[in-house]
Amino acid sequence: MIKPSCESLRNVGREKMLLMLACSFLDIKDIKLDGKDVKWNVGKRIEPYGSPLTVTLDEGVPKGKTITIAVKLSTTDKCTALQWMAPAQTSNKKHPYVFSQCQAIHARSVFPCQDTPDVKSTFSFKLRSSLPVVASGLPTGAHDYHSGKDGKSGTLLYTFDQKVPIPSYLFAVASGDLAAASVGPRSSVWTGPEELLDCQRELQGEIEPFMDAVHSVVKLPYQWTQYNCLILPPSFPYGGMENPVWTYATPSIISGDKQNIDVIAHELSHSWSGNLVSAGSWEHFWLNEGWTTYLERRIQGYVHGEEHRHFSSIIGWKALEESIALFGEDHEFTRLVVDLKGKDPDDAFSSIPYEKGFMALYGFELLLGKDKWDTFIPHYFSTFAFKSLDSYEFKTCLLDFFANDAEAKNKLDNFDWDKLFYAPGFPDKPKFDDTLAKRCYDLASNWESHVTGKDTSFKPSPEDVSSFSANQSVVFLERCHSFAESFSPADVHLLGSTYGYLSTHNIEVVSRFLTIGLRAKAQDTYEPAAELLGRIGRMKFVRPLFRLLEKVDRELAVKTFEKNKDFYHPICRYGFRSIPVLRYETLLTAF
Amino acid sequence: MEGRLAVSLRAPLSSGRWGRCLCRAQLPRPGSAAALQTTKAQLRPFRSCYSTALPNTPRLGILSFPNLAQRSRFPPRARGILRPSPRLFATNTMHRAPAAMVTKPMTDPNIEIRTPRDPNTLSNYHNFLCKHTATDFEIDFEKRLLHGGVELVLESLTEGESKEVILDTRYVNPSNDQA
């Protein structure tokens, strides 16, 4: 791609034509400085960071004075932040849909900005669309109807204000066939009209207890006035994103049993850690995700009991093991503080900042004692509210806070900070209360004896799992994956029918159950797997299931892909290249 | 590519903070035969590269990546394939915010040098700081793009020394289509 560096060439008709023809994605149309023309230049592209846009001032600006730069532009088809969906990719298949995802450094592909979490600004949004719009600010109304020309739909101007300064990566917009319902005194859920009531039932009354839980730990009121959830179309390939005022989430969290909404506990916690107190660069991303995972688990402890916090931490440790195994134990990206100079922050993305970050903070809780640590948490959040910080400021803040407490000071003086920040691989494993996990492991070993014929005395009954949470079922089923091939089709059926895993709407559970079925070659799980693949486009579920289905029934896998190819998000389709039988189909259809 | 050194040609300022790193030179590991042959001439090609190496210099006296100098540019990848990536060259050729060069005499003990700590932006946010962002877009589902504009209100952090504002863009390109 040739990207010419050129200055504004006003009144040069021929060059203008040439430029337009040569570069199909030329799209900054005009730049004004305080309302006047100004010299500007787009430099060479420096991957992975894009191209610097330089605006040259005639004279310097005194300290503290402000200037206004106004840029007219269009986004291009190369924009990495916007996902456009055809009507076929949405659930009622009637209207198109668009949503943005700017984290980590994609805001710069929507508009020129200081695209760093170290800069926070207030925002105002004016968004004109033929369909309802949400953005990362408080709604201030719909205005100024324009009727459509040439049979097109008319448009309204939707406006929003964000008075809390936010970093560029929290700029967000979505528009589509949206309906809303209240789920709490300051919360509503937004989704497609057909899904609305299910989503409302799932989230009704759930937000405020989470708010109370965070408040009990952080002691700082919620700063964003409203907390709404936008449940995206089922082809959304990811889990969730903590955009302020509206959290964006996959519909797979709506399970009918309120068991998958820990995603919401996580995204809500970001309202304090990440959105209010932000890591100053992606090298210190653990300050966002580690703190958020820590708060999410404090919510679980507060709402469901301390043993649930520990159970979640055990699941987290497993995720950490998987991520570290994927990178390798001595890989740079397994450090808590990573070095991203010259690198793309997206490449470093994994569970490590979440789980190693959590382990770091939980480690301080254990080191200092929960009572003392709990006095530091509100201090940390009030010190850095509305600001960005790095790991070293975190350290200084913690040391200063306990400077006059001899016992705590002594512990912190002997603490190995270099190890915490820079040692790759595993941190020390804390002891967790494994009451809840142990029951899953015990049940799995009963099944192992049963399916391998070692011990025939075990008779499964619904009571085995009657007290299980969905997460416990997930841990139990994942434990069974290690001997899934030993299941006979009859055992798979017994497992599914006895524990209700055949009929559950909880996709976290049913996808793990179908994994056992496919690996055990139980034919009556093939169709349900194919059906699930037409219902959800979250990559976490779709890719492993397609791989397994292809192994047992190629024809059905191809048929399922053919049937749903327009439904999947391009990012998800792109991932299918790694599945042999779909590679050819993917190439034919996806690009 | 083993054993590169990040060399700062700038000593710490009297204020105790570090000055701008003028160059990032790549030298052989000390002690190797090649190290002895390094000359100024070898440093020159890197003169125009502003620091991407130093945001981790000791801001509080306690930080800095250990073994920064020895760290391999090609970290071992567990199951990855070692492939040459354009990214790897970015550090060496990247202009880090040229406008960061606030040209005050370096002898001034009161000089304040602000080094941006985020290496993933090309903007000079330590010279101008965005205080308000006003976005105004029309959503065009047919063409699959947003068109409209953005207004940034930027506060100057220097006493008029910086005469450029540098912003991040990606796949957004210049044109003078006034229509």
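Residues numbered from 1 in each chain as written. Chains lettered and ligands numbered in written order. Predicted model: local features only at pLDDT ≥ 70, side-chain atom pairs only at ≥ 80, totals over all residues.

### Some thoughts on the overall build of chain B
For the record, the criterion: Think of it this way: any DSSP run of H or I at least four residues long counts as a helix, any run of E at least two long counts as a strand, and we number them from the N terminus. Backbone-placed C-beta atoms define the burial measure: a residue is buried with 20 or more other C-beta atoms within 10 Å of its own, exposed with 12 or fewer, and partly exposed in between. Any residue pair is listed as a contact if its two C-beta atoms, each placed from the backbone, are within 7 Å.
A tally of regular secondary structure across chain B gives three helices and three strands. Counting from the amino terminus, chain B carries its helices and strands in the arrangement α-α-α-β-β-β. Residue burial in chain B is summarised as follows: out of 179 residues, 35% are buried. Within chain B, residue pairs in contact and separated by at least 24 positions form 60% of the contacts whose partners lie at least 6 positions apart.

### What about the packing of helix α16 (residues 507-519) of chain A against helix α17 (residues 526-533) of chain A?
Residues and elements named next belong to chain A. Condition: Orientation is described by axes fitted as lines to C-alpha atoms, over the contacting stretch for helices, and by angles from 0 to 180 degrees between their N-to-C directions. Roughly parallel refers to an angle under 35 degrees, roughly antiparallel to one over 145, roughly perpendicular to one between 65 and 115, and oblique to any angle outside these ranges. Note: crossing handedness is left-handed where the near helix turns anticlockwise from the far helix by less than a right angle, and right-handed where it turns clockwise.
At a closest axis distance of 10 Å, the pairing of α16 and α17 adopts a crossing angle of 140°. The angle between α16 and α17 falls in the class oblique. Our pair here, α16 against α17, has a crossing hand that is left-handed. Counting all contacts with α16, which are made through Val510, Ser511, Leu514 and Leu518, the residues of α17 involved are Pro528, Ala529 and Leu532.

### A word on the nonpolar core
All names here are of chain A. Short version of the rule: Take the buried Ala, Val, Leu, Ile, Met, Phe, Trp, Tyr and Cys residues, join any whose C-beta atoms are within 7 Å, and the set you get is a nonpolar core.
Grouped together as the largest cluster of nonpolar side chains are 126 residues, with contacts concentrated most on Val110, Leu230 and Tyr248. Broken down by element, the residue count for this core peaks at eight residues, all from helix α8 (residues 352-368). In contact with leucine 230, not counting residues within four places along its chain, are Val134, Ala174, Trp190, Trp246, Thr247 and Tyr248. Residues Cys480, Tyr499, Ala522 and Ala530 belong to the second largest nonpolar core, which totals 44 residues.

### Section: the pairing of strand β1 (residues 128-140) of chain B
To keep it simple, the criterion reads: At least two bridges found by DSSP between two strands is the condition for calling them paired.
Inspection of the sheet shows strand β8 (residues 121-129) of chain A paired to β1 of chain B by seven bridges, in the parallel sense. The residue of β1 of chain B that forms the bridge with threonine 122 of chain A is histidine 132 of chain B. Summarising the sheet, β1 of chain B and strand β2 (residues 145-156) of chain B pair through 12 bridges and their orientation is antiparallel. Bridge assignment links phenylalanine 128 of chain B to a residue of β2 of chain B, and that residue is serine 156 of chain B.

### What to know about unusual backbone geometry
Residues and elements named next belong to chain A. Cis geometry marks the peptide bond from glutamate 47 to proline 48, where omega comes out at 5°. Mapped onto the elements of the fold, proline 48 is located in the loop between β3 (39-42) and β4 (51-56). Put simply, glutamine 103 and alanine 104 share a cis peptide bond, and its omega is 5°. Assignment of secondary structure puts alanine 104 in the loop between β7 (97-100) and β8. We note that aspartate 144 has phi near 55°; this positive angle belongs to a residue other than glycine. For aspartate 144, the position within the fold is in strand β10 (residues 138-146). Overall, the presence of 10 C-beta atoms within 10 Å leaves aspartate 144 in the exposed class. In this structure, threonine 225 is a non-glycine residue whose phi angle is positive, near 65°.

### Topic: α16 of chain A
All names here are of chain A. Cut-off, in case you're wondering: Helices are assigned an expected span. That span is 1.5 Å times one less than the residue count.
Spanning 13 residues, α16 covers 18 Å between terminal C-alpha atoms, matching the ideal 18 Å at 1.5 Å per step. Counting buried positions along α16 yields 12 of 13 residues, so the element is predominantly enclosed. Taken together, the buried positions of α16 are Ile507, Val509, Val510, Ser511, Arg512, Phe513, Leu514, Thr515, Ile516, Gly517, Leu518 and Arg519. Buried residues along α16 sit against α14 (470-480), α15 (489-499), α17 and α18 (539-552).

### Re the pairing of β10 of chain A
All names here are of chain A. Counting buried residues in β10 gives zero out of nine residues, a small share hidden from the surface. Alignment of β10 against strand β11 (residues 155-166), held across six bridges, turns out to be antiparallel. The partner of histidine 146 across the bridge, within β11, is threonine 155.

### What to know about the sheet that holds β7 of chain A
Residue and element names in this part refer to chain A. With respect to topology, four strands assemble into an open sheet ordered β6-β7-β12-β9, the strand pairing being antiparallel. For this open sheet the edge positions go to β6 (82-85) and β9 (133-135), each flanked by a neighbour on one side alone. The average undirected angle you get between the axes of adjacent strands in this sheet is 10°. By the bridge criterion, two bridges tie β7 to strand β12 (residues 173-175) in an arrangement that is antiparallel. Following the sheet pairing, phenylalanine 99 is matched in β12 by alanine 174.

### Some words on the sheet that holds β10 of chain A
Taken together, eight strands build an open sheet; the order of strands is β2(A)-β1(A)-β5(A)-β2(B)-β1(B)-β8(A)-β11(A)-β10(A) and the sheet is mixed. A strand with exactly one partner marks an edge of an open sheet, and here the two such strands are β2 (36-37) and β10 of chain A.

### Quick notes on the confidence of the model for chain A
All names here are of chain A. To keep things clear, this is the line we draw: Confidence of the predictor at the level of single residues is given by pLDDT, which spans 0 to 100.
With 93% of its residues at a pLDDT of 70 or more, chain A shows a mean pLDDT of 91. Note that pLDDT drops below 50 for residues 1-26; the model gives that stretch 37 contacts with residues more than four away or on any other chain. This model gives residues 587-591 a pLDDT under 50, and the stretch forms four contacts once residues within four places in sequence are excluded.

### As for the environment of lysine 356 of chain A
All names here are of chain A. Positionally, lysine 356 belongs in helix α8. Overall, the presence of 26 C-beta atoms within 10 Å leaves lysine 356 in the buried class. The sequence separation of lysine 356 and proline 52 amounts to 304 residues, and the corresponding C-alpha distance is 34 Å.

### Re α14 of chain A
Residues and elements named next belong to chain A. Within α14, eight of the 11 residues are buried, which leaves the element mostly enclosed by the surrounding structure. Within the sequence span of α14, burial applies to Asn471, Gln472, Ser473, Val474, Val475, Phe476, Leu477 and Cys480. Considering only its buried residues, α14 is in contact with α6 (306-327), α13 (435-451) and α16.

### Here we look at the packing of helix α9 (residues 370-384) of chain A against helix α10 (residues 391-401) of chain A
Residue and element names in this part refer to chain A. Which entries qualify depends on this criterion: Each residue is assigned to one class: nonpolar for Ala, Val, Leu, Ile, Met, Phe, Trp, Tyr, Cys and Pro, charged for Asp, Glu, Lys and Arg, and polar for all the others, Gly among them.
At a minimum axis distance of 11 Å, the contact between α9 and α10 shows a crossing angle of 130°. The pairing of α9 with α10 is recorded here as oblique in orientation. Two packed elements cross with a definite hand, and for α9 against α10 that hand is right-handed. Along its contact with α9, which presents Phe376, His379, Tyr380 and Thr383, the element α10 presents Cys397, Leu398 and Phe401. For the contact of α9 with α10, the per-class residue count stands at five nonpolar, two polar and no charged.

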